[in-house]
Amino acid sequence: MKALLKELPLPNENKKGWPWTHESKLILDVRSKDSPWPKISIITPSLNQGRFIEETIRSILLQNYPNLEYIVIDGGSTDNSIEIIKKYENWIHYWVSEKDVGQSHAINKGLDACNGDIIAWINSDDTLANDTLFYVADKFNLNDANWLIGVANIIDESSNRVGFRNPPNDVTQETFLCWTGNWFPQQSTFWNRKMLELVGHLDISLSYIMDVDLWWKMTKRTAPIIENKVLSNYRVHNNSKTVFDNEKSNQELASWIYNNFILNATNKYDNFIHILHRQIYLQSLIDRLKNHIILGNIIKFWGHYINSYFSKL
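Only a predicted model underlies this, so the values are computations on that prediction, with no experimental measurement involved. The residue numbers shown here count from 1 along each chain, following its written sequence. Only residues with pLDDT of 70 or above have their local features reported here, since the model is predicted, and side-chain atom pairs are shown and tallied only from 80 upward, although totals for entire chains, interfaces and linings are computed over all residues. Note that water and hydrogens are dropped before the side-chain values are worked out from all heavy atoms of the structure.

Looking at this structure, I do not really get the overall build of the protein chain. What am I missing?
Secondary structure elements are taken from DSSP: a helix is a run of H or I of four residues or more, a strand is a run of E of two residues or more, and numbering for both begins at the N terminus. A count of helical and extended segments in the protein chain gives 12 helices and nine strands. The contact rule is simple, with two residues in contact once any of their heavy atoms fall within 4.5 Å. Considering only residue pairs separated by 6 or more positions, the protein chain has 76% of its internal contacts joining residues 24 or more positions apart. Per-residue accessibility takes into account occlusion by the displayed protein chains alone, with areas from the Shrake-Rupley method and a 1.4 Å probe. For the protein chain, the accessible surface area stands at approximately 15,000 Å², while carbon and sulfur atoms represent 47% of it.

Can you help me understand unusual backbone geometry in this one?
Peptide bonds are trans in most cases, and residues, glycine excluded, mostly fall at negative phi. Of the consecutive residues Trp18 and Pro19, the connecting peptide bond is found in the cis state with omega at -5 degrees. Here Pro19 is to be found in the segment before strand E1 (40-46). Of note, the phi angle at Asn48 is positive, near 55 degrees, even though the residue is not glycine. Along the chain, Asn48 falls in the loop between E1 and helix H1 (53-61). Accessible area is worked out with a 1.4 Å probe on protein chains only. A residue is then buried under 20% of its type maximum, exposed over 50%, and partly exposed in between. On the accessibility criterion, Asn48 (36% relative accessible area) is partly exposed.

I would appreciate a short explanation of the layout of surface pockets in the present structure.
Think of a ball as big as a water molecule: rolled over the atoms, this probe shows where empty space is left. Each cavity reported here is a set of points on a 1 Å grid over the protein atoms alone in which a 1.4 Å probe fits but cannot get out, each pocket an open set with protein on both sides within 12 Å along at least five of seven lines, and each lining residue one with an atom within 4 Å of a point. Grid points are joined across faces, edges and corners, and a volume is the space filled by probe spheres set on the points. There is about 220 Å³ of room inside the second largest pocket. For the second largest pocket, the lining is made up of 14 residues, of which Lys15, Trp20, Arg51, Glu55 and Ser159 are closest to its centre. Here the lining of the second largest pocket is composed, by residue class, of three nonpolar, four polar and seven charged. The residue classification treats Ala, Val, Leu, Ile, Met, Phe, Trp, Tyr, Cys and Pro as nonpolar and Asp, Glu, Lys and Arg as charged. All others, Gly included, are polar.

Help me understand the pattern of salt bridges in this model?
When a carboxyl oxygen of Asp or Glu lies within 4 Å of a side-chain nitrogen of Lys or Arg, that pair is called a salt bridge. Counted according to the given criterion, the structure contains six salt bridges. A salt bridge links Arg51 to Glu157, with the shortest nitrogen-to-oxygen separation between them at 2.7 Å. Note that Arg51 is positioned in the loop between E1 and H1 and Glu157 in the loop between strand E6 (147-155) and strand E7 (161-165), a separation of 106 residues in sequence. Classification of Arg51 as exposed rests on a relative accessible area of 55%. The shortest N-O distance in the salt bridge between Lys217 and Asp213 comes to 3.2 Å. With Lys217 and Asp213 both in helix H8 (residues 210-221) and four residues apart, the pair spans about one turn of that helix. Looking at Asp213, the relative accessible area reads 7%, which means it is buried.

Function cannot be inferred from these measures alone, as they are strictly geometric.
What follows is the structure in C-alpha cells.
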C-alpha cells in the first residue's frame, strides 16, 4: 500500500531529502474502476543490511503509488534489520525472516508471494528514485512491451551520487557477450506478469549474476523498452557482494558466458564449434578466438577467467 510522508515514522534528525523528508508527487487517481493503475510488486531480499534497509523501505513506500504490493524477504538477519522492518510493517504487504539458501532463493520466494502486474526487486542497500512507479506504470500502459530498463544513479555509502549507469541503446545477443561494457542496472529493470510466466524464476545456482541470466532469458523472448530516465539508485560500498567478492563474481560470469554462448553455440556461431573442439590446444584456441571481434571481446574483458575455463577442455 502507498504511504504518505506524514504517516510514516519520523526519520532520525540528521536524515534529510529523499526519502527521509521528501516524498514522490501525489498523483490523483483518476483511473476508472474498469481501468485501475496496474499493481506493482516490489521485492526486497535482505540479510544484515540494517545500515541501509530503512532508506530502501522508505524509497518504495513513499512513491505514493496507489496499487503497490511491497514484499520483504529477510534471510534471518542478526543485526537491527528486523527491528526496522517491524517499524514499517503496517505498510508492507508481506514480510518474513527465515534462513534461505541465498539471494536468488529469497527473490524467488518473493516472486512466489507476489501478485503484481509489474514486478521488480530492489536490494536492501539500493533505493528507488522518487516519482518512479507512476512513470513505469505509464510506460507499460503506453507501450506493447513486456519489460523496461531505465537509468540508475550510482551512490556511495552516504547516498551521495558518484556516477550513473545508462542501459545500452540495444539489448541483444552481442551486448550480452560484452556484458562488462554493456551492463544495465538491475535496480532500474521492471517486467510484467506475462514475462514472469514466460521465463520463470531465478536460477538459484547463481549467486552473483542471477540478474544477467534472467535478462538473457527475457532478451530471447522480446526486446525491452529502454528509457533515458533515472529510476533507481545503485549503492556501491565495500560490503556489497560484487565489490568484496569481485573475483568470484567474474568467475561466475565467465562460466555463464562459456556455457551459454560457446558450449551451446548455434546458428551464426556454428562455424566456431570446430574451433572449440576438445582436441585443440588452449593457446591455439585463444589465438583463434582473438580474431573474432565478438568472442575477442570476451577475452579482452575476462581473459584469465576464460583461460581457466578453456584449460579444462
